[in-house]
Amino acid sequence: MKFLTGKTFKIKSCPICGFTNNVFHSLSKKNLYSEKISKILNVNENKMLSKIYNVKCKKCSLIYKNFWFKPKIIKILFKKEIPLHPKGMDIFEKKKFEKKYFLNEFNNLIKFHKNNKEKINKSKRVMGSIISAIDSNSKTLKSCKKILNKDNEDYKKKKFQKNILKISNLIKKPKRFSRFVGYNDRILWNYLMKITNFKIYGEVGCPSWGMLKIAKRNKKKIFFYDRKENNFWNEKILIKKSRLKKREIVYSLDRKKNSLFGIIEYLDHLVRPLNFLNEVAYSNDSFFILTEDPTKNNLPIQHFTGFQHTTFFHIAKKINKLLILNNKILKSKNMILAIFKKN
Ligand SMILES: [Zn+2]
């Protein structure tokens, strides 16, 4: 690990239960973040991904990284290399989910990028995220995504070109919970209303793609926790774009009654997730966590932790809350919804 000395530190115990025994779980796959981090560290991307990997806690089943990046590295990643939450921005750019945009990206990929690896990978990713948001069960979608995920030139084949044209006709309305719509979803909202009782609704993370809008429409008092976090985006621009009022933004949590607090695609970024959960549990009657199921997809390099059912049970015990798990509502996206209620 010589090549990472001074840039990373070893994680000696589980960030949730403190247990020191773990087993290898998985390698993270190449993505935008691994490309940028390896650039910041000035190391080979594949080499980095073979050394910084996911382990599983033998006690609470939390999946976490064996090594993590020092704050100075994380700062460069989120302040300079990727300063805006790409998915959060997509909410405001509907034109990115259009047939024309998709085909234009494909055209760039096969005609103009030549041997520019960074540009090629970017186009592949852009096309992949559009395909993931297409609301259809067509098998061609899967096969096209597979080819885009490959690190070779299969995307230049005639058959692929034909398939791309075919699926471009399926680009209509983006799929529920896809990056072009986010979580402002009525069915999810109604479910939360049914399970918990609340008058105040708060959220942390990305202000643009959660349920603040739908909460407001349902006459709830809302607040957004603008929490300082190295490992996440500085969301000032998205706060502005989301049209939150000054009085709706808080910079710390205080104890509230009848409140529900949403942690959407956020917890997996934190280096000290349990501290944060204690803070949230103390301040709110109920809260929920929406997070990627790490058993369905490998934990990506930019996520420090991955939570599964066993881990959530462990957390519920620690913070003395009642746990309700739901895998069905967000099944299409391989997400877990964990609701914590007053005991
Ligand atoms: Zn653990």
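For clarity, every value in this text was computed on a predicted model and none was experimentally measured.

Colleague: What exactly am I supposed to notice about the nonpolar core here?
Modeller: What tends to happen in soluble globular proteins is that the nonpolar side chains get buried as a cluster. Grouped together as the largest cluster of nonpolar side chains are 69 residues, with contacts concentrated most on Leu62, Ile130, Ile263, Phe287, Phe288 and Ala338. Ignoring anything within four residues of it in the chain, the contact list for Ile263 reads Val204, Gly205, Val280, Phe287, Phe288 and Ile289.

Colleague: What exactly am I supposed to notice about the pairing of strand 10 (residues 286–292) here?
Modeller: The two faces of the sheet receive side chains in turn, since in a regular strand these alternate between them. Of all the 7 residues making up strand 10, 7 are buried; the element is thus mostly covered by neighbouring parts of the structure. Alternating positions in strand 10 separate into two faces, Ser286, Phe288, Leu290 and Glu292 on one and Phe287, Ile289 and Thr291 on the other, with burial throughout. For strand 9 (residues 259–264) and strand 10, the ladder comprises 5 bridges, and the chain directions are parallel. Residue Ile263 lies in a different strand from strand 10, and its bridge partner there is Ile289. For the crossover from strand 9 across helix 12 (residues 273–283) to strand 10, the handedness is right-handed.

Colleague: Looking at this structure, how should I read the sheet that holds strand 13 (residues 335–342)?
Modeller: Taken together, 7 strands build an open sheet; the order of strands is 8-7-6-9-10-13-12 and the sheet is mixed. Each of the sheet's edge strands pairs with one partner strand only, and the pair in question is strand 8 (249–250) and strand 12 (321–326). Examined bridge by bridge, strand 12 and strand 13 share 6 bridges and lie antiparallel to one another. In the strand pairing of strand 13, Leu323 is matched with Phe340. Across the sheet, helix 13 (residues 309–319) is in contact with strand 12 and strand 13; its angle to strand 12 comes to roughly 160°.

Colleague: Hey, could you run me through the environment of Phe67 in this one?
Modeller: Along the chain, Phe67 turns up in strand 5 (residues 67–69). For Phe67, a count of 16 C-beta atoms within 10 Å translates into the label partly exposed. With residues up to four places along the chain from it excluded, the contact list for Phe67 reads Leu4, Thr8, Phe9, Lys10, Ile11 and Ile52.

Colleague: Quick question: what am I supposed to make of helix 12 here?
Modeller: An α-helix turns once per 3.6 residues; consequently, residues spaced three or four apart project the same way. Within the span of helix 12, buried status applies to Pro273, Leu277, Val280 and Ala281. The buried side chains of helix 12 occupy one side of the element, clustering within an arc of 95° when seen end-on. Facing away from the buried side of helix 12, by more than 90 degrees, are the exposed residues Asn275 and Tyr282. For helix 12, the elements touching its buried residues are strand 9, strand 10, strand 11 (305–306), helix 13, strand 12 and strand 13.

Colleague: What is the right way to read the domain arrangement of the protein from this model?
Modeller: Many descriptions give the size of an interface as the accessible area lost when the pieces come together. Domain boundaries assigned for the protein yield domain 1 (2–84), domain 2 (98–168) and domain 3 (186–342). Taken over C-alpha atoms, the centre of domain 2 sits 33 Å from the centre of domain 3.

Colleague: What is the right way to look at unusual backbone geometry in this model?
Modeller: Excluding glycine, a negative phi dihedral is what most residues carry, and trans is how most peptide bonds are arranged. A positive phi angle, near 55°, is found at Asn320, a position not held by glycine. Along the chain, Asn320 falls in the loop between helix 13 and strand 12. Backbone geometry places Asn334, a non-glycine residue, at a positive phi of 55°. Checked against the element boundaries, Asn334 lands in the loop between strand 12 and strand 13.

Colleague: How do you make sense of the sheet that holds strand 2 (residues 22–26) when you look at a structure like this?
Modeller: Backbone hydrogen bonds hold the strands of a sheet together, and the pairing may be parallel or antiparallel. One open sheet holds the 4 strands; their spatial order is 2-3-4-11, and the pairing between them is antiparallel. A single partner strand is all that each edge strand has here, and the edge strands are strand 2 and strand 11. Where strand 2 lies against strand 3 (residues 54–57), 4 bridges are found, and the strand directions are antiparallel. Looking at the pairing, Phe24 lines up with Val55 of strand 3.

Calculation rules
- Residues numbered from 1 in each chain as written.
- Predicted model: local features only at pLDDT ≥ 70, side-chain atom pairs only at ≥ 80, totals over all residues.
- Core = buried A, V, L, I, M, F, W, Y, C linked by C-beta atoms within 7 Å.
- Buried ≥ 20, exposed ≤ 12 C-beta atoms within 10 Å, placed from the backbone.
- Contact = placed C-beta atoms within 7 Å.
- Helix = DSSP H or I, 4+ residues; strand = E, 2+ residues; numbered from the N terminus.
- Pairing = 2+ DSSP bridges.
- Right-handed = clockwise from strand over helix to strand, strands pointing away.
- Axes fitted to C-alpha atoms, helices over the stretch in contact; angles between N-to-C directions.
- Arc of directions from axis to C-beta.
- Domains from an automatic or database assignment.

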